[in-house]
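# Structural characterization, general
Here are the chains, one letter per residue:
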Amino acid sequence: MKELKEPPTSKLKLTPLNAAHRALGARMVPFGGWDMPVEYTSITEEHLAVRTRAGLFDVSHMGEIEIAGKDALAAVQQICTNDASRLSLAQAQYSALTTDRGTFVDDVLVYRLGGNHFMLVVNASNIEKDYHWILDHTRDFGDAAAVNTSARYALLAIQGPAALDILQQLTSVELHSITYYWFAYGEVAGVRGMMSRTGYTGEDGFEVFVAPQAAERLWNAILEAGTSEGLLPAGLGARDTLRLEAGMRLCGQDMDETTTVLEADLEWIVGWRKPDFTGRAALEQQKREGLSRKLVGFELTAPGIARHGYPAEANGKPGIVTSGTQTPFLKKAIGFAYLPAEAAEPGMEFSIEIRGRRTPARVVPAPFYKRPRS
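A quick note: this is a predicted structure, and the numbers were derived from the prediction, not measured.

Each helix and strand counted, the protein has nine helices and 19 strands in total. Radius of gyration (C-alpha) of the protein: 21 Å, near the 21 Å computed for a compact globule of 374 residues. Projected onto its principal axes, the C-alpha coordinates of the protein cover approximately 60 × 55 × 45 Å. The buried share of the protein, taken over its 374 residues, is 57%. Considering only contacts in the protein between residues 6 or more positions apart, those separated by 24 or more positions represent 64%. Of the roughly 16,200 Å² of accessible surface on the protein, a fraction of 51% belongs to carbon and sulfur atoms. Distance from the positive charge centre (39 side chains) to the negative charge centre (45 side chains) of the protein: 3 Å.

This is the structure in structure tokens:
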């Protein structure tokens, strides 16, 4: 394809693996200011590889912001909704940065690297915004320094039922001993890195942080080790369909600065027991008064595919679709939508306008897909 041979525009940032993606014939697209692979073979083929075998993603476009110092925990507690005091060393948690209104600045993963050292992994398009927001909201903490360390890391994600066995070939770290949302340091493919049992697909797997100069060596080693298992490189297209099947939100699409953590149905990442955090008062008020709308999972009950921004209607009141697709594995048209709170219970019927036609849909529990437990 012609576009694969053209160099990326100079305005786009490149991950350390950009040349490797192009050598594999990936279809490249702009994403969050980065030149990223959307697919190598097809979204469906890559999606099914992750669900049944394994897939390898370049997620080096994600940002890393580290906070360290005697008051680092206090700073993280103030800027993040979840309770970071519950984190042990080498443990991670899902959390959010929120405005004074309790709405999203970004969703983040918080890693406790040391007693007074934390790393926040933020979304690619929000790196600079998040960094300056964090600086502004940690100025009152005397001994807590925030540094944008994104340039120090490349990040690869290997996901799928065969992921552990493939990665284990390349490291002496006992991967079975790393439980979900914990991490460990060690060499992988002769490269020093950090292996985190996390991901964005609903499958078991690991995200591996390494120095940018080591990224291509690790990428090639994982591809080679996974050949016999049917591992495929996978792009942003499969990453999106996989995360949606797994009921995972996409910040900027399913939630943003107009939607609160409670409206996004993510109260479980709110640390109500800690003294305070930015946006707490607004969320407490909303919890007392009740929600007027809520993010729900849905499936269409007639042919069609609902997309981001499509209008919805429930009980005569408006709603809106935030994510939607025809999933390769479940083979259903599913998605997320904000609906009036009284219409948000599973089993409730509503409609979505698809190309001028009202299409029936039904609220269903998310996640839509849960991986089989061994």
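Let us now look at the nonpolar core. Residues Phe104, Tyr111, Met119, Phe209, Met255 and Leu266 are the most contacted members of the largest nonpolar core, which totals 40 residues. Sorting elements by how many residues they give to this core places strand β6 (residues 104–114) first, with four residues. Excluding its chain neighbours within four sequence positions, the residues that come into contact with Phe209 are Glu64, Tyr111, Met119, Val121, Tyr153, Ala154, Leu155, Arg192, Gly193, Met194 and Ser196. Grouped together as the second largest cluster of nonpolar side chains are 35 residues, Leu56, Ala184, Ala189 and Val210 included.

Running from N to C, helix α3 (residues 43–52) and helix α8 (residues 236–245) cross one another at 50°; their axes reach a closest spacing of 8 Å. By the angle class used here, α3 and α8 are oblique. By crossing handedness, the relation of α3 to α8 is classed as right-handed. Each of Ile43, Glu46, His47, Val50 and Arg51 in α3 lies in contact with α8, whose residues at this interface are Gly237, Ala238, Thr241, Leu242 and Glu245. A per-class count over the contact of α3 with α8 returns four nonpolar, three polar and three charged.

Looking now at the pairing of strand β5 (residues 92–98). Counting buried residues along β5, seven of its seven residues qualify, which places the element largely inside the surrounding structure. Turn length for the β5-β6 hairpin, with the two strands adjacent in sequence and antiparallel, is five residues, and the turn residue Gly102 shows positive phi of about 80°.

As a further point, take the pattern of salt bridges. Summed over all chains, the structure comprises 18 salt bridges. Arg51 is the salt-bridge partner of Glu245, the closest N and O atoms lying 2.9 Å from each other. Residue Glu245 is found in helix α8, and its partner Arg51 is found in helix α3; the two are separated by 194 residues along the sequence. Each member of the pair, Glu245 as well as Arg51, carries the same accessibility label: buried. When salt bridges that share partners are traced, they join Glu299, Lys332, Glu349 and Arg362 into one network.

Strand order in the open sheet formed by six strands is β10-β11-β12-β9-β3-β13, with mixed pairing between adjacent strands. Two strands lie at the open edges of the sheet, namely β10 (183–188) and β13 (232–233), each paired on one side alone. One ladder, built from four bridges, connects strand β11 (residues 191–196) with strand β12 (residues 205–210); its direction is antiparallel. Its bridge partner being in β12, Met195 is matched across the sheet by Val208. Across the sheet, helix α7 (residues 215–225) touches β3 (55–58), β9 (154–159), β10, β11, β12 and β13, and the angle it forms with β9 is around 10°.

Scoring rules and cut-offs
- Residues numbered from 1 in each chain as written.
- Predicted model: local features only at pLDDT ≥ 70, side-chain atom pairs only at ≥ 80, totals over all residues.
- Heavy atoms only, no water.
- Helix = DSSP H or I, 4+ residues; strand = E, 2+ residues; numbered from the N terminus.
- Rg over C-alpha atoms; globule rule 2.2 N^0.38 Å.
- Buried < 20%, exposed > 50% of the residue type's maximum accessible area, 1.4 Å probe, protein only.
- Contact = heavy atoms within 4.5 Å.
- Areas by Shrake-Rupley, 256 points an atom, 1.4 Å probe, with all protein chains shown as cover.
- Lys, Arg positive; Asp, Glu negative; His and termini not counted.
- Charge placed at Lys NZ, Arg CZ, Asp CG, Glu CD.
- Core = buried A, V, L, I, M, F, W, Y, C linked by side-chain atoms within 4.5 Å.
- Axes fitted to C-alpha atoms, helices over the stretch in contact; angles between N-to-C directions.
- Parallel < 35°, antiparallel > 145°, perpendicular 65-115°, else oblique.
- Left-handed = near helix turned anticlockwise from the far one by under 90°.
- Nonpolar A, V, L, I, M, F, W, Y, C, P; charged D, E, K, R; others polar.
- Pairing = 2+ DSSP bridges.
- Salt bridge = Lys/Arg side-chain N within 4 Å of Asp/Glu carboxyl O.

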